[in-house]
Protein chains: 2
Amino acid sequence: MAAAEPVTLKVLAKELGLNVSTVSRVLNDPAGPDSKWASAQTTARIFALARERGYTRNPHAASLRTARSNMVGVIVPRLQDFVLATMYEGVDEAATEQGLFTVVANSLDKAETQRAKAEMLLERRADGLIFGDAHLTEPYLEELKGRGVPFALINRTCGEHLSVTCDDYAGGRLVAEHLISTGRTRFGVIAGDPTTSTSQDRTRGFLDVMREKGINVLEDRIIHGGFDAAAGQKAAIGLLAHPEKPEAIFAVNDFAAIGALGVLQERGIRVPDDIALAGFNDTPLAAGVNLTTVRSPMHEIGRQGLQTLQHLIGGGTVASTKLAPTLIVRASG
Amino acid sequence: MAAAEPVTLKVLAKELGLNVSTVSRVLNDPAGPDSKWASAQTTARIFALARERGYTRNPHAASLRTARSNMVGVIVPRLQDFVLATMYEGVDEAATEQGLFTVVANSLDKAETQRAKAEMLLERRADGLIFGDAHLTEPYLEELKGRGVPFALINRTCGEHLSVTCDDYAGGRLVAEHLISTGRTRFGVIAGDPTTSTSQDRTRGFLDVMREKGINVLEDRIIHGGFDAAAGQKAAIGLLAHPEKPEAIFAVNDFAAIGALGVLQERGIRVPDDIALAGFNDTPLAAGVNLTTVRSPMHEIGRQGLQTLQHLIGGGTVASTKLAPTLIVRASG
DNA sequence: ACGTATGCCGCAAACGTTTGTGTAAGCCGC
DNA sequence: GCGGCTTACACAAACGTTTGCGGCATACGT
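Residues numbered from 1 in each chain as written. Chains lettered and ligands numbered in written order. Predicted model: local features only at pLDDT ≥ 70, side-chain atom pairs only at ≥ 80, totals over all residues. Heavy atoms only, no water.

(A) Quick peek at the protein's contact with DNA strand D. Near DNA strand D you find 27 residues, and of these Asn19(A), Ser39(A), Ser24(B), Arg25(B) and Arg65(B) are the closest. A distance of 3.4 Å separates a base nitrogen of DNA strand D from a polar atom in the side chain of Arg65(A). One nitrogen or oxygen atom from the main chain of Asn58(B) is found 3.4 Å from a phosphate oxygen belonging to DNA strand D. Taken together, the elements giving at least two residues each to the surface near DNA strand D come down to helix H2 (20-28) and helix H4 (59-66) of chain A together with helix H1 (9-16), helix H2 (20-28) and helix H4 (59-66) of chain B. Of the residues in the surface near DNA strand D, the class split is eight nonpolar, 13 polar and six charged. (Near = heavy atom within 4 Å. Polar contact = N/O pair within 3.5 Å; in protein donor to acceptor, adjacent residues only side chain to side chain. Helix = DSSP H or I, 4+ residues; strand = E, 2+ residues; numbered from the N terminus. Nonpolar A, V, L, I, M, F, W, Y, C, P; charged D, E, K, R; others polar.)

(B) Structural view of the interface of chain B and chain A. Every contact between the two is made by 47 residues of chain B and, on the other side, 46 residues of chain A. Both sides of the chain B and chain A interface together cover about 4000 Å² of buried area, and 58% of this is carbon and sulfur. Broken down residue by residue, the surface that chain B buries against chain A is led by His60(B), Gln80(B) and Arg124(B), which jointly contribute 18%. Taken together, chain B and chain A are joined by two salt bridges. (Contact = heavy atoms within 4.5 Å. Buried area = accessible area lost by both parts, 1.4 Å probe. Salt bridge = Lys/Arg side-chain N within 4 Å of Asp/Glu carboxyl O.)

(C) Region of interest: the domain arrangement of chain A. Per the domain assignment, the segments of chain A are domain 1 (9-65), domain 2 (70-166 + 298-325) and domain 3 (168-295). A straight line from the C-alpha centre of domain 1 of chain A to that of domain 2 of chain A covers 34 Å. (Domains from an automatic or database assignment.)

(D) Highlighting the packing of aromatic side chains. Tallied over the entire structure, the rule returns eight aromatic pairs over all chains. Here the aromatic cluster, defined as three or more aromatic residues joined through ring pairs, consists of Phe131(A), Tyr140(A) and Phe151(A). (Phe/Tyr/Trp six-rings, centres within 6.5 Å; stacked < 30°, edge-to-face > 60°.)

(E) Up close: the side chain of Gln80(A). For Gln80(A), the location among the structural elements is in the loop between strand E1 (71-76) and helix H5 (82-97). When its relative accessible area of 17% is taken as the criterion, Gln80(A) is described as buried. Residue contacts for Gln80(A): discarding those within four places in its chain leaves Phe82(B), Ala85(B), Thr86(B) and Glu89(B). (Buried < 20%, exposed > 50% of the residue type's maximum accessible area, 1.4 Å probe, protein only.)

(F) Representation of helix H11 (residues 254-266) of chain A. Residues and elements named next belong to chain A. Relative to the 18 Å expected for 13 residues at 1.5 Å per residue, H11 spans 18 Å between its end C-alpha atoms, a close match to the ideal helical length. Burial analysis of H11 places eleven of its 13 residues in the buried class, which makes it a mostly covered element. Those residues of H11 that sit buried are Asp254, Phe255, Ala256, Ala257, Ile258, Gly259, Ala260, Leu261, Gly262, Val263 and Leu264. N-cap assignment for H11: the residue whose side-chain oxygen lies 2.8 Å from the backbone N of Phe255 is Asn253. With its phi angle positive at about 75°, Gly268 sits one or two positions after the end of H11. (Expected span 1.5 Å × (residues − 1).)

(G) Fine view of unusual backbone geometry. The residue after Val271(A), namely Pro272(A), is reached through a cis peptide bond having omega 10°. Inspection of the secondary structure assignment puts Pro272(A) in the loop between H11 and strand E9 (276-278). Of note, Asp109(B) is a non-glycine position whose phi angle comes to about 65°, a positive value. Within the secondary structure, Asp109(B) is located in the loop between strand E2 (101-106) and helix H6 (111-123). A relative accessible area of 24% places Asp109(B) in the partly exposed class. At Asn155(B), a position not held by glycine, the phi torsion is positive, near 75°. With respect to the helices, strands and loops of the structure, Asn155(B) is situated in the loop between strand E4 (151-154) and strand E5 (163-166). Using a relative accessible area of 8% as the deciding quantity, one classes Asn155(B) as buried.

(H) Spatial organisation of the packing of H2(B) against helix H3 (residues 40-53) of chain B. Residue and element names in this part refer to chain B. Between H2 and H3, whose axes approach to 10 Å, the crossing angle comes to 85°. In this view, H2 runs roughly perpendicular relative to H3, as classed from their interaxial angle. Counting all contacts with H2, which are made through Thr22, Val23, Val26 and Leu27, the residues of H3 involved are Thr43, Ile46, Phe47 and Ala50. Tallied by class, residues from the contact of H2 with H3 come to six nonpolar, two polar and no charged. (Axes fitted to C-alpha atoms, helices over the stretch in contact; angles between N-to-C directions. Parallel < 35°, antiparallel > 145°, perpendicular 65-115°, else oblique.)

(I) Fine view of the sheet that holds strand E8 (residues 248-251) of chain A. Residue and element names in this part refer to chain A. Read across the sheet, four strands follow the order E7-E6-E8-E9 without closing on themselves; strand pairing throughout is parallel. Edge positions in the open sheet fall to strand E7 (222-224) and E9, since each of these has one partner strand only. Shown here is a sheet whose adjacent strand axes are inclined to one another by a mean of 15°, direction ignored. Relative to E9, E8 is paired through three bridges, and the arrangement is parallel. Within the sheet, the bridge partner assigned to Phe250 lies in E9 and is Ala278. Here helix H8 (residues 168-181) sits on the sheet and contacts strand E6 (187-192), E8 and E9; the angle it forms with E8, its principal contact strand, is near 170°. Sheet contacts for helix H10 (residues 229-240): E6, E7 and E8; angle to E6, the most-contacted strand, approximately 150°. (Pairing = 2+ DSSP bridges.)

(J) Just the side chain of Arg184(A), in detail. Residues and elements named next belong to chain A. By the element assignment, Arg184 lies in the loop between H8 and E6. Summary of buried charges: Arg184 has no salt-bridge partner, and the nearest side chain of opposite charge, Glu247, is 6.3 Å away. Of note is the side chain of Arg184, whose polar atom sits 2.9 Å from the side chain of Thr182. For Arg184, the side chain forms a polar contact with the main-chain oxygen of Pro272, separated by 3.1 Å. Those residues in contact with Arg184, other than ones at most four positions away along the chain, are Leu179, Glu247, Ala248, Pro272, Ile275 and Ala276. (Lys, Arg positive; Asp, Glu negative; His and termini not counted.)

(K) The sheet that holds E5(B), seen in detail. All names here are of chain B. Overall, parallel pairing links the six strands, which are arranged E2-E1-E3-E4-E5-E11 in an open sheet. Single-partner strands in this sheet number two, and they are E2 and strand E11 (321-323). Mean inter-strand twist for the sheet, computed between neighbouring axes without regard to direction, equals 20°. Sheet strands in contact with helix H5 (residues 82-97) are strand E1 (71-76), E2, strand E3 (128-131) and E4, and its direction is about 160° off that of E2.

See the structure below:
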């Protein structure tokens, strides 16, 4: 067990009687074994020795030289959120395929934290950023654009900034059409954080259908708050406090829906017989509690988010994307 | 809007009429403003200009020179899992406090993927690794130890390897004592993946109490599988297939418990009147569906996991830690 | 007054890559 | 048999840090 000296291009080159530049070029050539940078024989010898010695390029040296880190930073409200965790998985999967790697950070949906984390990632020389926590008014994104930092949004849109999202408006419509088709006429909405596009678009889609069908959803039956189970519980309690209980509730998010479900069960309200309930995203727990919901392609949103960013970095011309949702009808509604 | 040339030590030094070495030393001195590397005046000038120009150290250059990346790699079964996501948040929080940063990867609980991701992280020159996906037999960890790679385990233990976990055995005991105290005598266990310490320790704790109280839990009432809602559903169906239904079910994991809950409700079985149900971890959804469970300090496990690793890297002497769980009694049991 | 300590700072060599440019040898066509 | 073209490599300069060493003052001790 020798001193375990690191195996660098230099030691490979010396052993092969070559210059580091040649070794570097061959090893980096995407053409692989039939690189045009050396004779077939030399190329083979280089690959053989590199493999034998277990050579791995020092990414710090490479990044220093090329001024590219091959790293993209991802900022999400919170990784604990299944939805964002899934999208991040999609981002990371696509990144790995492209030879990139990702670093993720929680913003807790707070502007200052978002900014701090983003700046930290930029200090680490991220080549680009992906935001999963955009709010409808977002001066920081403008600033970044001004600074020429490449970035893309996932999950939530924000103005004209490049984004990959679910077609939330369409998803809201799906739920509305379904619940109306079951014959209900009084509705409540657990609408999530009003400063986000997901909240707004989903409820807008829902309400547009209601309006089109001539159904009036009272303003005070639309309850805003957060996206988690606790917010769902609180909103449900609010909706049930009305003299005329709703016949169906649309929560724009599965977690909020499950929180609401807990309240209903606690009070002995039968679902869906007394009140129907629908969520959004089709997280596994929705299946676990038989919740009607809208499936959004979370993983794919992440994947395309990274691809979009990469095109942007590559200087290509890219446009925002909206992926289609699917209604999943289960026992709750 | 000039060519936006990067602001390096060199440009600072030139502007100040100093040498880069001086600037570097002052900027790196943990003593901060009263560094002993330069006169108070010079130090002030350096800090002033650095701030004005918005200097940020190039981490690639620094890492190249120092051969330390200040990055630790974290490997988890899956970030979608709330429990591991929370632990990772703890890791990352502690890392940020220490001026480190983290990169996380999913292993999907598969040995090959775990190895592949770990090696990728090491190629990126991670200073150390944290595993949240250890299995009871784990040759790779032995190999890493042999190679001198610093690492720590969180969530699950494995042999004598350094770890920070919840005291799962104690948690299992808590559940057993509680369920017995409610007067039930026939039990079923949804035991999760048997190749993990969490599964084994939690069920062993549970069964030890049962044995101590003279209660016999039949072998076929202990159903193994995964840790997710789907596995919970399947296991619950299995348990209900018995002629004598259990009076209480302990799922070693909240998600599995929620899956089981769905099956019970679907069949019109009242919880807890007909069957009591308890989970493990106290995820927010447990509160959402009023599930009795065991609270494990997930975030803190992550934090201490990082601290442990850091001590290990620093050459200190460290021992494994088990953090105490708390029983949370809710409506389900 | 002389030697030594201390404060303050510069010099220069790494760290491991990537990449523009240089240069021999061999082959071609004529 | 000579110019030009390709093949197959070598040379060397960066990229931005960190850090051992050295040097010149001024202050201090005796």
